[in-house]
Amino acid sequence: MVQVALFLVRLFKTPIQWLGVDYPQFEILIRTKLTMDFRSSPTGFQISGSKKSTLLYQLLTFSLIGLLFGVAAFSVGDLILSLTIFFTVIMVSLTMTVISEFTTVLFDQRDNYILLPRPISNRTLLLLRLVHIQFYIGFIALALSLATGIIVAVKYKGIIILIYFIAIGLSTWMTLIFTTFIYLMISKVVNGERFKDLITYAQIAIAIIIFGSYQIIPRLIDAAVLKNVTMSVHWWTYFFPPAWLAALVKLSLFTPVTTPFLLLSFLAVFVPITGAVFLIRSMSKGFGNILADGSSETVSPKNIRTLNTRLTSRINKFLCISEIEKAGWNLAVATTSRDRKFKQSVYPFFGIMIVFGVIILKPDLTNLAVSLQENGELSKYFFIVICGFSGSTAILQLPYTDTPEAAWIYKALPLKEHGHLLTGAVKAILFMFIIPIYLLITIPSILLWGSSVFPQIILSGLGNVLLVLIAIIFQKMELPFTQVREMHQKGTNSLRAILNMILMFLLVGFVYATSFLSGWITILICGLVAGLIVLILRFIRKSWISPKGWVTLRNIEERL
Amino acid sequence: MENSQITIRNLKKSYGKGDDKNEVLKGINLIIHPGQIIGYIGPNGAGKSTTVKILCGILPDFAGEVTIFGKDLKTESMEIKKHIGYVPETGALYDLLTPNEYLSFIGTLYGLDKDKLESRAGNLLSFFGMEKHSDQRMDTFSKGMKQKILIMAGIINNPDIIFLDEPLSGLDANTVILVKDLLIRLAKDGKTIFYCSHLMDVVEKISDRIILINNGIVVADGTFEELKTEKAGTLEMLFAQLTGRKDNEINTENLFNGSHKN
């Protein structure tokens, strides 16, 4: 895998040098980074499966999702329109992945003490990070586009398949440099600590804009018309990268093309190249400054406000069954509320869920209350479920940390019930992320749709908790803050989010079905679900101390 | 000024802004000549590591003027970095690599050719008694073994100035002697050693010049003999006197007479 990546990098040796990058340094850097990515880390809390099988799993699952995208896109008659839709889906998916998974990699400061004292230019460092990320999102893009590639190859034959995959490569590169460009523009306005805080909000904003546009634009187009329509070029098409890429692929059919399509194809090649030149040559200094800002451990000492901690520690008395569970709760509250990388991985999904909510409810701003009241039954239950679902993303991030070595404490302490730490942390995250959302939506929902939806709101909340707990068991979640944030895992996290989303759709159906039952029966079901939650929590606690449990702590001894 | 290798004028560095502003360096002035072993000492949070990070180009944002080899650090840091070495305080290395791979990686970043690199890496590994571990992954190494690799990586480019931040941390007694001898030998070859440590006896023994900083300013600067006659008998006593912790024994007593006993 590393050799393949290096072969591809060597193809671009001359353009890389044109960018003002020191090529020998760049090659050894990328070689080292990739070599390390593919060597399994000997963490005491071993990740399930090898890195190769993780990649294979990602390849298969993303390919399956890509097949669905491809079939949907190619239900449209016109090739160029099909490809435009397909590339839009690919670019949006990749942007979301870059924002939620790879922002932390882009601005990773963990190896500052290794790299910054060496004579490495900012240009070399920026290109290194971009190419390193490109390798992973390129892999995801390849998997997503494989099925469509086969459809295109079979249907159109010839050189088109080659150009199609080049276009896929260009789409990932454009996605990456566009996102980085936005981050670096923000860094020009604000510096240092403030940038790190702002980046989290920028992630949410970008996520909302990209995902919102992606969801809303197709709704403005009549689906029936799409089947027979051919794409015409408007002024805005020149600002729409998926259309450029589609035009480039169409060009390879050697059919007569008009000047606008030639121009679009030209943009598909020109923009990624000039964008890279501009980014590397003109904006890398800002990137270097962002990295250097993270080299200061002596930031201003601040007294952390303890109000929130006091509140949560009062509540954990009621929700936790043991002192160890309370310790797990307190650790999760303190760490997640201060860990920027945790926030950067979790918050964009809240943005996406807001967009989802808006799309589902389709509010008419001129007559908001009436339009919301008139919503179909399914959409309102969809809305209620999806709001709480965003909390599950936070749970998925619980095992990850920059300091997994600190996990020695789990072994050094005279502890047997490690599972209590996990359930305590899970309860804390549920309390912090799911309960506030339900408190927020309960009153407006009852006002809009009447008190009859109350049992469904409760059921949605409990159902979301149940889904999270099932996911924890099936994913064999590790103890909190014991896993390093590894590159090869990034795609898996996105994938898990997608798979959890499928479970969520089942929950929507279930909640909707209960709306046909009497409220009391729904309350009874809620009671059963609550009982099931208690049993599953007990199972998780037991699994962690039982030799038959999914993880033991034996390997940590090797580290001590 | 003449023959100075490092010139620092009114060096200031602060973190944060407004009410949160924390001024770590409040105006450091130093002139350092080639071949000196500088023991740069001070209490925790005094600004030692910040000074070193600035001089190594890790923190490019600072106030004041720093020239190294007559070059301005703000504008010519790339050129300066080619001729300096750095041994960080934290165990910052890519420990999924082997020592051979890591040293080769660092050497390539300095533009060393393959033959020179292999020869230097081989010599250093042999000097530190690490040849038999040269192809083992470093994630299995002890703290001391990793520290040896950090020192090797810090000098593999044959730098003219070597900055070391707590280089003896985690090393056994024999290796401490080895490193002390190495530093003295490097200084004899004309290399400048800029050395931060909390090990007062080591600093006292090997340093040509001791610079003590406290709260971001230099409070003492001279040879140990010069400082000793003025203030105290040992560097440890001098340190305690100048940094305001004369009451260590009282504090310990208080701890054991107070809450710790309950």
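Residues numbered from 1 in each chain as written. Chains lettered and ligands numbered in written order. Predicted model: local features only at pLDDT ≥ 70, side-chain atom pairs only at ≥ 80, totals over all residues.

The helix and strand tally for chain B stands at 10 helices and 10 strands. With respect to the principal axes defined by its C-alpha atoms, chain B has extents near 60 × 50 × 40 Å. By the burial criterion, 39% of the 262 residues in chain B qualify as buried. (Helix = DSSP H or I, 4+ residues; strand = E, 2+ residues; numbered from the N terminus. Buried ≥ 20, exposed ≤ 12 C-beta atoms within 10 Å, placed from the backbone.)

Bringing the overall build of chain A into the picture now. Along its length, chain A carries 23 helices and two strands. For chain A, buried positions account for 43% of its 560 residues. Sequence-distant contacts in chain A: of pairs separated by 6 or more residues, those separated by 24 or more amount to 86%. (Contact = placed C-beta atoms within 7 Å.)

So, on to the sheet that holds strand S6 (residues 84–87) of chain B. Two pairing modes exist for strands in a sheet, parallel and antiparallel, and in both the strands are linked by backbone hydrogen bonds. All names here are of chain B. Pairing within the open sheet is mixed, and its six strands lie in the order S6-S7-S8-S3-S9-S10. For this open sheet the edge positions go to S6 and strand S10 (217–222), each flanked by a neighbour on one side alone. Recorded for the sheet is a direction-independent mean angle of 15° between the axes of neighbouring strands. The strands touched by helix H6 (residues 173–188) are strand S3 (37–41), strand S7 (161–165) and strand S8 (192–196); relative to S8, the strand with the most contacts, the crossing angle is about 145°. (Pairing = 2+ DSSP bridges. Axes fitted to C-alpha atoms, helices over the stretch in contact; angles between N-to-C directions.)

Residues and elements named next belong to chain B. Read from one edge to the other, the open sheet built from four strands follows the order S2-S1-S4-S5, with strand pairing classed as antiparallel. The sheet is open, and its two borders are formed by strand S2 (22–32) and strand S5 (71–72), each paired with just one other strand. By the bridge criterion, five bridges tie strand S1 (residues 6–15) to strand S4 (residues 63–68) in an arrangement that is antiparallel. Of the residues in S4, the one forming a bridge with Arg9 is Glu65.

What follows concerns helix H14 (residues 323–336) of chain A. With 14 residues, H14 of chain A extends 20 Å between its outermost C-alpha atoms, agreeing within 8% with the 20 Å of an ideal straight helix rising 1.5 Å per residue. When we look at burial in H14 of chain A, the residues that qualify are Ile324, Glu325, Lys326, Gly328, Trp329, Ala332, Val333 and Thr336 of chain A. (Expected span 1.5 Å × (residues − 1).)

A few words now on the interface of chain A and chain B. Contact residues are listed per partner, giving 28 residues for chain A and 31 residues for chain B. Every element with two or more residues in the side of chain A that touches chain B is listed here: helix H3 (23–37), helix H6 (112–115) and helix H12 (259–293) of chain A. Residues of the side of chain A that touches chain B, tallied by class, amount to 13 nonpolar, 10 polar and five charged. (Nonpolar A, V, L, I, M, F, W, Y, C, P; charged D, E, K, R; others polar.)

Residues and elements named next belong to chain A. Across the interface, helix H17 (residues 377–396) lies against helix H20 (residues 454–474) with an axial gap of 9 Å and an inter-helix angle of 30°. In terms of axis orientation, H17 runs roughly parallel to H20. The handedness of the crossing between H17 and H20 comes out as right-handed. Contacts from Tyr381, Ile384, Val385, Gly388, Phe389, Gly391, Ser392 and Ile395 of H17 reach H20 at Gln456, Ile457, Ser460, Gly461, Gly463, Asn464, Leu467, Val468 and Ala471. Each residue belonging to the contact of H17 with H20 can be placed in one class, and the counts come to nine nonpolar, eight polar and no charged. (Parallel < 35°, antiparallel > 145°, perpendicular 65-115°, else oblique. Left-handed = near helix turned anticlockwise from the far one by under 90°.)

Residues and elements named next belong to chain B. When cut into domains, chain B gives domain 1 (1–83 + 162–244) and domain 2 (90–158). Here the C-alpha centroids of domain 1 and domain 2 sit 25 Å apart. Each partner contributes to the interface: domain 1 provides 10 residues, whereas domain 2 provides eight residues. Those elements giving two or more residues to the side of domain 1 that touches domain 2 turn out to be S7 and H6. Considering only residue class, the side of domain 1 that touches domain 2 consists of five nonpolar, three polar and two charged. (Domains from an automatic or database assignment.)

Before going further, it helps to examine the confidence of the model for chain A. All names here are of chain A. Chain-level statistics for chain A give a pLDDT mean of 79 and a share of 79% at 70 or above. Residue range residues 42–49 is modelled with pLDDT below 50. Its contacts to residues more than four positions away, or to other chains, number 21 contacts. Counting interchain partners and residues more than four positions distant, the pLDDT-below-50 stretch residues 546–560 has 24 contacts. (pLDDT = per-residue confidence, 0-100.)

Here we come to unusual backbone geometry. Residue and element names in this part refer to chain B. Residue Glu166 is not a glycine yet carries a positive backbone phi of 50°. In this structure, Glu166 sits in the loop between S7 and H6. Judged by the 18 C-beta atoms lying within 10 Å of it, Glu166 is partly exposed.

Examined against the element boundaries, Ile166 of chain A turns out to sit in helix H8 (residues 160–189). C-beta crowding within 10 Å serves as the criterion here: with 16 such atoms nearby, Ile166 of chain A is assigned to the partly exposed category.

This paragraph deals with the environment of Arg137 of chain B. Residue and element names in this part refer to chain B. The residue Arg137 is located in the loop between helix H4 (114–127) and helix H5 (143–155) in this model. With 15 C-beta atoms packed within 10 Å, Arg137 lands in the partly exposed category. In contact with Arg137, other than residues within four places in its own chain, are Leu96 and Thr98.

Ranked by internal contacts, the top residues of the largest apolar core, which has 150 residues, are Phe163 and Ile193 of chain B. In contact with Phe163 of chain B, not counting residues within four places along its chain, are Val52, Leu55, Cys56, Ile84, Gly85, Tyr86 and Phe194 of chain B. Core analysis: the next-biggest nonpolar cluster, separate from the first, contains 53 residues, Tyr381, Leu422, Val453 and Ile457 of chain A among them. (Core = buried A, V, L, I, M, F, W, Y, C linked by C-beta atoms within 7 Å.)

Moving on, we come to the packing of helix H5 (residues 79–106) of chain A against helix H7 (residues 122–156) of chain A. Residue and element names in this part refer to chain A. Between H5 and H7, whose axes approach to 10 Å, the crossing angle comes to 150°. The handedness of the crossing between H5 and H7 is right-handed. Facing H5, whose interface residues are Phe86, Ile90, Ser93, Leu94, Thr97, Val98, Phe102, Val105 and Leu106, H7 presents Arg129, Ile133, Ile137, Ile140, Ala141, Leu144, Ser145 and Thr148. Classifying every residue of the contact of H5 with H7 gives 12 nonpolar, four polar and one charged.

All names here are of chain B. With five of five residues buried, S8 lies mostly within the body of the structure. Residues Thr192, Phe194 and Cys196 line one face of S8 and the alternating positions Ile193 and Tyr195 line the opposite face, and both faces are buried. As judged from the five bridges shared by S7 and S8, these two strands associate in the parallel manner. Bridge pairing in S8 places Ile161 opposite Thr192. For the handedness criterion, the β-α-β arrangement of S7, H6 and S8 is classed as right-handed. (Right-handed = clockwise from strand over helix to strand, strands pointing away.)

Turning our eyes to something else, we now look at H4 of chain B. Residues and elements named next belong to chain B. In a regular helix each residue adds 1.5 Å, so 14 residues correspond to 20 Å; H4 covers 20 Å between its end C-alpha atoms and thus fits that length. Of the residues making up H4, those classed as buried are Leu117, Ala121, Leu124 and Leu125. Projected down its long axis, H4 carries its buried residues within an arc of 100°, all on one side. H4 presents Asp115, Ser119, Asn123 and Ser126 as exposed residues on the side facing more than 90 degrees away from its buried surface. Elements that come into contact with the buried residues of H4 comprise helix H3 (99–109) and H5. Residue Gly129 follows H4 closely and has a positive phi angle near 65°. (Arc of directions from axis to C-beta.)

The next point concerns the confidence of the model for chain B. In the predicted model, chain B carries a mean pLDDT of 87, and 92% of its residues have values of at least 70. The spread of mean pLDDT over the elements of chain B runs between helix H10 (residues 248–257) of chain B, the lowest at 68, and S4 of chain B, the highest at 95.

Mapped onto the elements of the fold, Phe62 of chain A is located in helix H4 (residues 51–73). Linking Phe62 of chain A and Ala141 of chain A, residues 79 residues apart in sequence, is a C-alpha distance of 8.4 Å.

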